[in-house]
Amino acid sequence: MDKNFQEEFKQIIKFEPPLYKQRYQFVKDLVEKYKPKKVADLGCADCSLLWMLKFCSCIEVLAGLDICANVMKEKMHTLSPLPVDYLQPSERSLTVTLHHGSVAHKDPCMLGFDLVTCIELIEHLDESELKKFPEVVFGFMAPSIVVISTPNSEFNPLLPRVMLYRHPDHKFEWSQAQFQSWALEAARCYDYSVEFTGVGHPPIGMEKVGFCTQIGVFVRKYPQTGESVQSMQPTEAVYKTVFKAVYPSLKDEKYLQNAVISEIIFTAQIIKHRLMSKRDEYSDDPERKSKFQPSMDCFSDCLGKLVVEKNMEPFVSGNEVYIPLATIFSFPKVNRLCGTFEKLCKLIAGKVTLSSDGSAVMFNIEQEDN
């Protein structure tokens, strides 16, 4: 490489968005493509990638592992549920757990994941750890997909202030050929296929240098059987759990009940106010009022019969507004939350005021106005 050409690019190379964001976006795009439910980030450091992934609606379990507990603890609070998560619980469940330990050790808590990410991790491993790494990740954990990113040493001459390695803790940095050789051997040994890509494009005219960050995406060729997982499972845990958060979810009946009742009250209030506005219109006009009143009396006289009619409209009787549960169940959000009419009845039992036969929500007008 011509030295003058090299020095020129050292002054102008700047990644936008920053390289770490491009790496995280690559993982997020992969999640959106494959929809994994369980994702583990090895070498999670300050939990930034985990924080981004917690907003992916397909993910129900997130786990992070790092050898440095202090780094995780500094930012792990960002993975805790916020007040809005309790006010508006999600329809999916989400559990986030952080573990302190080494990727060179096996722990049963890391079994059963669909996707495992190792972003800028392997270059921090010493020789003995790197030797054990493939067996732990591909052999023991054996997720459906593994993503590994690492610096491309061929790009280093284009980066300012990089003398040997990009970070003082790096034990090595591989060329494209070295990374691909290692990755292909690991894939062959553990029945994975692997595709190579990266982020951080080289300058125009220097495409042979390759991406600044090289990435291998490993996909397991054959499903792993439960027996093989069980046979490799260690007898005891070796990682220490330093954080765990369980997000409120509508899959939890307690939160589902609160959400359904809130939606029923909200829906019923809207219907009630519409009925009352209509009644007030008639009350301002004596002639229209006389036409409106008989229907109200009729509703009152035949209350028991009318309330059980599933297709009937909400109505006012005396100081009470009656809104049939069948009407409320027909509202899209209530219908989606409950699934069945029987589930709706079970969730609201004892939580809202119902008519004598339990088929309609009841509101007292005078109490509401006081």
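The structure displayed is predicted, hence computed values, not measured ones.

**Here's the deal with the nonpolar core**
In this structure, Val31, Leu53, Ile59, Leu98, Val147, Phe155 and Phe243 are the most contacted members of the largest nonpolar core, which totals 42 residues. Here this core takes six residues from helix α2 (residues 19-34), the largest share from any one element. Among residues more than four places away in sequence, those in contact with Leu53 are Val27, Lys28, Val31, Val39, Ile59 and Leu62. If you look at the next biggest cluster of nonpolar residues, it comprises 33 residues, including Leu65, Phe133, Ile148 and Trp174.

**A look at the sheet that holds strand β4 (residues 115-119)**
Backbone hydrogen bonds are what pair the strands of a sheet, in a parallel or an antiparallel way. Read from one edge to the other, the open sheet built from eight strands follows the order β6-β7-β5-β4-β1-β2-β3-β8, with strand pairing classed as mixed. Of all strands in the sheet, those with a lone pairing partner are β6 (192-199) and β8 (240-246), marking the two edges. For this sheet, the mean angle separating the axes of adjacent strands, direction not counted, is 15°. Sheet strands touched by helix α7 (residues 176-189): β5 (145-151), β6 and β7 (213-220). Its angle to β6, the strand with the most contacts, is close to 155°.

**Concerning helix α14 (residues 341-348)**
Considered for burial, the residues of α14 that qualify are Leu344, Leu347 and Ile348. Along α14, the residues classed as buried sweep out an arc of 85° about the axis, all on the same side. Exposed and oriented more than 90 degrees from the buried face of α14 are Glu342 and Lys346. Gly350 sits one or two positions beyond α14 and adopts a positive phi of about 75°.

**Observations regarding the confidence of the model for the chain**
For the chain, mean pLDDT is 85; residues scoring 70 or higher make up 83% of the total. This stretch, residues 1-11, has a pLDDT under 50; its non-local contacts, to residues over four places away or in other chains, come to 14 contacts. The low-confidence segment residues 289-311, where pLDDT is below 50, has 24 contacts with residues more than four positions distant or belonging to other chains.

What counts and what doesn't
- Residues numbered from 1 in each chain as written.
- Predicted model: local features only at pLDDT ≥ 70, side-chain atom pairs only at ≥ 80, totals over all residues.
- Heavy atoms only, no water.
- Core = buried A, V, L, I, M, F, W, Y, C linked by side-chain atoms within 4.5 Å.
- Buried < 20%, exposed > 50% of the residue type's maximum accessible area, 1.4 Å probe, protein only.
- Helix = DSSP H or I, 4+ residues; strand = E, 2+ residues; numbered from the N terminus.
- Contact = heavy atoms within 4.5 Å.
- Pairing = 2+ DSSP bridges.
- Axes fitted to C-alpha atoms, helices over the stretch in contact; angles between N-to-C directions.
- Arc of directions from axis to C-beta.
- pLDDT = per-residue confidence, 0-100.

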